[in-house]
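As a plain string of letters, each chain reads:
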Amino acid sequence: MKKTMDQLAADNIRALAISMVEKANSGHPGGPMGGADFMHILYSEYLNFDPTEMDWAFRDRFFMDAGHLSALIYAQYYLLGKYKKEDLQQFRQWGSVTPGHPEVDVLRGIENTSGPLGQGHTMGVGAAIGAKFLSARFKGVFDHKIIGFISDGGVQEEISQGSGRIAGHLGLNNFIMFYDSNDVQLSSMTDEVTSEDTAKKYEAWGWKVITIDGHSHAEIRKALNYAYQELEKPTLIIGKTIMGKGCVTSNGDMYEGHCELHGKPLGDTGADYEKTLLNLSADPKNPFDIYEKVKAYYDKVLIRKTEESAKKKLKIERWKEENPALNEKMKRFLSGKLPELDFGKIEHKPNIASREASANVLAYLATQVENMIVSSADLSNSDKTDGFLKKSSVLKKNDFSGAFLQAGVAELSMAAIANGIALHGGVIPVVATFFVFSDYMKPAIRLGAIQELPVKYVWTHDAFRVGEDGPTHQPVEQEAQIRLLEKVKNHSGNQSFLTLRPADSAETAVAWSMAMDNTKTPTGLILSRQGIKDILAIGSTRYDEATLAKKGGYLVKETKNPDITLIANGSEVSTLMDAADILENSENININVASIISEGLFKQQPKTYQESIIPKGKPVFGLTAGLPVNLEGLIGDSGKIVGLDHFGYSAPATVLDEKFGFTPKQVAAEIFKYLKAY
């Protein structure tokens with residue numbers, strides 16, 4: 001039977017996908033074979049982008065959740081001229097641009113790092129929120145769509161609950177998701193693990209749901225037409241597809257829908273690789289070729305896409321001419337450039353918690369930075385992001401004029417959404433929760449570090465002094481976990497995460513300044529629940545001196561020829577200051593105290609600077625409310641650290657300080673004992 005052009009193009013994608021997996025002897029062939037029809041129709045007829053300017057800010061965006069289907073994306077973009085034959089032949093190999101799970105490579109069409117299931121479509125929800133936010137400020141310009149592609153595994157991952165609820169609640173009609181529903185998982189059929197009605201679940205969340213034959217091009221078009229015209233809801237297109245669509249055995253019998261086709265090269269299954277290529281109209285001797293008719297068709301597609309984007313560009317140019325002031329603002333948003341900010345003029349009451357100081361900074365930023373979205377996991381009045389909220393309003397369905405996202409109790413979803421907002425561009429995302437709940441966020445934090453996304457994390461209730469809440473709410477090991485990312489380099493060769501735990505209100509303002517200036521990686525601010533005694537200025541103003549924190553560490557108390565240097569970060573710095581006063585008055589010891597807000601940043605400074613703060617060959621004492629490992633990289637071979645080696649207990653903060661040995665008097669005794677034994 002003669003194949004239509006659409007069938008031929010989809011089969012070409014299938015042939016390319018299985019050939020990549022076969023040559024690499026690694027990968028997932030069956031899923032790309034099932035999703036090929038949707039991808040071809042979407043990209044050739046619906047997705048709006050400019051082939052000559054793939055990073056065009058006003059393009060539609062495709063977010064792949066099922067990262068194991070990377071061969072599907074590479075094959076599709078190969079037809080669109082964004083990959084070479086050699087790139088596909090190097091699938092999953094060292095140094096290739098076609099890794100096993102897609103990374104961020106916008107100029108080739110790759111919008112997001114997918115892999116851990118559930119995060120890809122959640123980042124898509126974030127991009128849709130970012131687009132809605134911008135559309136509310138620049139009417140008629142940011143009217144593009146965000147397309148997600150999800151698999152059975154992504155639907156099952158718990159993060160889908162948070163992103164599905166939020167997308168439906170906000171009425172993100174600019175988000176369309178294709179669910180490749182093939183009833184097959186990596187190690188089992190889906191009916192062995194779930195019996196839920198996915199359509200009803202998404203409908204209950206406020207989605208429009210359309211169920212189709214995922215191999216019927218007419219039904220795919222009809223569903224996409226509905227989705228692109230939807231005005232009130234996000235759309236889920238459930239495409240019933242066949243795992244390994246087009247596979248045949250060595251004698252030519254169909255061999256589709258089998259579990260083993262999910263994660264093995266075809267040659268290792270009951271299907272026959274070469275016979276399947278023939279069934280797909282491919283040449284087994286040249287499996288990486290684009291079919292002649294398909295190439296001619298996609299050449300026309302590229303011309304049409306360029307022409308369509310040119311028309312939209314003209315429309316946007318007219319808008320710019322008619323709205324010069326708004327255009328200047330839009331250019332600033334998209335460039336990532338900040339307005340002039342003066343963090344030193346923000347006023348703070350004496351001896352406040354660093355979360356309170358952060359609230360003051362956020363209130364200031366709400367009036368100065370117009371392209372921020374701040375989000376909290378149902379804790380805005382505790383993590384003090386309400387400082388921003390009081391100057392703004394909550395994002396709502398049909399009203400994105402505000403700038404605060406009430407995410408509800410969904411830390412992981414919120415963090416992945418923030419990654420998506422950052423990937424979209426033009427908007428600065430900030431997310432907040434208690435520090436102990438950063439455990440829920442780690443998968444998204446890690447992807448943000450890999451993708452080099454400048455998300456700002458606000459983590460409050462930073463230590464055991466949370467007190468009465470008990471051990472479940474008292475961070476002990478969390479700081480060590482987060483600071484490990486400061487030791488991991490991203491693919492640009494830089495520190496992949498910036499972790500800041502400020503010592504007082506002035507340092508909190510400086511930390512926020514550092515976070516806002518950091519456009520290359522995520523930043524985490526670790527903030528106290530309890531009040532912290534302000535560090536006294538040595539010479540000029542406290543804020544001016546605190547700007548030295550931008551070096552990662554500096555002296556907050558300095559004497560000539562110190563007998564010992566005390567180091568800490570956060571609220572322990574003021575404890576060391578008080579302990580130093582005790583020892584200087586009682587034992588006549590010369591003491592320096594250093595605030596090391598970021599070990600990673602401090603270690604980037606010249607050795608001469610590092611040693612001017614923490615001298616070599618002299619006693620060094622560290623104090624941390626977390627694990628001692630927090631400071632082990634700073635104290636040298638003969639230093640001493642007082643930290644925690646156990647979980648917290650329920651009691652008032654002052655009682656815990658006493659019980660755990662963190663009062664100035666107790667710390668002074670530990671320092672003196674260390675010096676005597678040195």
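Preceding block: the structure.
Not measured: the values here are computed from a predicted model.

Scoring rules and cut-offs
- Residues numbered from 1 in each chain as written.
- Predicted model: local features only at pLDDT ≥ 70, side-chain atom pairs only at ≥ 80, totals over all residues.
- Heavy atoms only, no water.
- 1 Å grid on protein atoms, 1.4 Å probe; cavity = no way out; pocket = protein on both sides within 12 Å on 5 of 7 lines; lining within 4 Å.
- Points joined across faces, edges and corners; volume = space filled by probe spheres on them.
- Helix = DSSP H or I, 4+ residues; strand = E, 2+ residues; numbered from the N terminus.
- Nonpolar A, V, L, I, M, F, W, Y, C, P; charged D, E, K, R; others polar.
- Pairing = 2+ DSSP bridges.
- Axes fitted to C-alpha atoms, helices over the stretch in contact; angles between N-to-C directions.
- Right-handed = clockwise from strand over helix to strand, strands pointing away.
- Buried < 20%, exposed > 50% of the residue type's maximum accessible area, 1.4 Å probe, protein only.
- Arc of directions from axis to C-beta.
- Contact = heavy atoms within 4.5 Å.
- Core = buried A, V, L, I, M, F, W, Y, C linked by side-chain atoms within 4.5 Å.
- Phe/Tyr/Trp six-rings, centres within 6.5 Å; stacked < 30°, edge-to-face > 60°.
- Lys NZ or Arg CZ within 6 Å of the ring centre and 35° of its normal.
- Disulfide = S-S within 2.5 Å.
- Parallel < 35°, antiparallel > 145°, perpendicular 65-115°, else oblique.
- Left-handed = near helix turned anticlockwise from the far one by under 90°.
- Salt bridge = Lys/Arg side-chain N within 4 Å of Asp/Glu carboxyl O.

Draft legend 1. Representation of the layout of surface pockets. Of the voids in this model, the largest pocket is the one considered here, and its volume is about 1100 Å³. A422, L423, Q451, E452 and L453 are, among the 40 residues lining the largest pocket, the residues nearest its centre. Within the residue set of the lining of the largest pocket, elements represented by two or more residues are α12 (324-335), α15 (411-424), β8 (428-434) and α16 (438-451). Class assignment for the residues of the lining of the largest pocket results in 20 nonpolar, 12 polar and eight charged.

Draft legend 2. Layout of the sheet that holds β8. Ordered in space as β7-β6-β8-β9-β11-β10, the six strands form an open sheet in which the pairing is parallel. Two strands lie at the open edges of the sheet, namely β7 (404-406) and β10 (498-500), each paired on one side alone. For this sheet, the mean inter-axis angle between neighbouring strands, taken without regard to orientation, is 20 degrees. Direction of pairing for strand β6 (residues 372-376) relative to β8: parallel, over a ladder of five bridges. When the sheet's bridge partners are listed, I373 is paired in β8 with P429.

Draft legend 3. Inspection of the pairing of strand β4 (residues 208-213) at higher detail. Here six bridges tie β4 to strand β5 (residues 235-240), and the two strands are oriented parallel to one another. By the bridge assignment, T211 is partnered in β5 with I238. In this fold, β4 hands off to helix α9 (residues 217-229), which returns the chain to β5; that crossover is right-handed.

Draft legend 4. How the structure looks around helix α24 (residues 653-660). Within the sequence span of α24, burial applies to A653, L656, D657 and F660. For α24, the angular spread of the buried residues around the axis is 105 degrees, confining them to a single face. Residues of α24 that are exposed and angled more than 90 degrees away from the buried face: T654 and K659. G661 lies just past α24 and shows a positive phi near 85 degrees.

Draft legend 5. Geometry of the side chain of T198. Take T198: it is sitting in helix α8 (residues 198-204). Excluding residues within four positions of it along the chain, T198 makes contact with V155, Y179 and L236.

Draft legend 6. View of the nonpolar core. Ranked by size, the top nonpolar core spans 145 residues in total, and within it I129, L365, M372, W512 and F621 carry the most contacts. If we skip the residues at most four places from it in the chain, F621 touches I564, T565, L566, I567, L576, K640, V642, V667, E670, I671 and Y674. Grouped together as the second largest cluster of nonpolar side chains are 68 residues, A10, V21, L47 and L280 included.

Draft legend 7. Up close: the packing of aromatic side chains. Per the counting criterion, the structure on display carries 32 aromatic pairs. Summarising the aromatic geometry, the rings of F175 and W207 are spaced 5.9 Å apart at their centres and angled 80 degrees between planes, so their arrangement reads as edge-to-face. Remark: W207 occurs in the loop between α8 and β4 and F175 occurs in strand β3 (residues 175-181); sequence separation between them is 32 residues. By relative accessible area, which is 2% here, W207 ends up buried. Members of the aromatic cluster, each reached through a chain of ring pairs, are F38, Y43, F49, F62, Y77, F149 and F178. The side chain of K208 reaches across the aromatic face of Y226, ending 5.5 Å from its centre.

Draft legend 8. Looking closely at the state of the cysteines. Tallied over the entire structure, the rule returns zero disulfides. Left unpaired, C247 is separated from the closest cysteine sulfur, that of C259, by 13 Å. With a relative accessible area of 0%, C247 lands in the buried category.

Draft legend 9. Spatial organisation of empty space enclosed by the protein. Under the counting rule described, the total for this entry stands at four cavities of 30 Å³ or more. Y43, L47, F49, M54, R59, D60, R61, F62, Y77, G109 and E111 are the residues that line the largest cavity. By residue class, the composition of the lining of the largest cavity is six nonpolar, one polar and four charged.

Draft legend 10. Inspection of the packing of α15 against α16 at higher detail. Relative to each other, α15 and α16 sit at 20 degrees, their axes nearing to 7 Å. Considered as vectors, α15 and α16 are oriented roughly parallel to each other. As α15 packs across α16, the resulting crossing turns out to be right-handed. Here α15 contributes E411, L412, M414, A415, A416, N419 and L423 to the contact with α16, which in turn contributes Y440, M441, P443, A444, L447, G448 and Q451. For the contact of α15 with α16, the residue count by class is 10 nonpolar, three polar and one charged.

Draft legend 11. Geometry of the pattern of salt bridges. Throughout the structure, instances matching the rule amount to 38 salt bridges. E328 serves as the salt-bridge partner of K331, at 3.3 Å between the closest nitrogen and oxygen. Here E328 and K331 lie together in helix α12, a separation of three residues that amounts to about one turn. Assessed through its relative accessible area of 45%, K331 is described here as partly exposed.

Draft legend 12. Spotlight on unusual backbone geometry. Of note, the phi angle at E452 is positive, near 65 degrees, even though the residue is not glycine. Structurally, E452 is set in the loop between α16 and β9 (456-460). Since its relative accessible area comes to 24%, E452 is described here as partly exposed. A positive phi angle, close to 55 degrees, is found at N588, a residue other than glycine. Residue N588 is classed as exposed on the basis of its relative accessible area of 66%.

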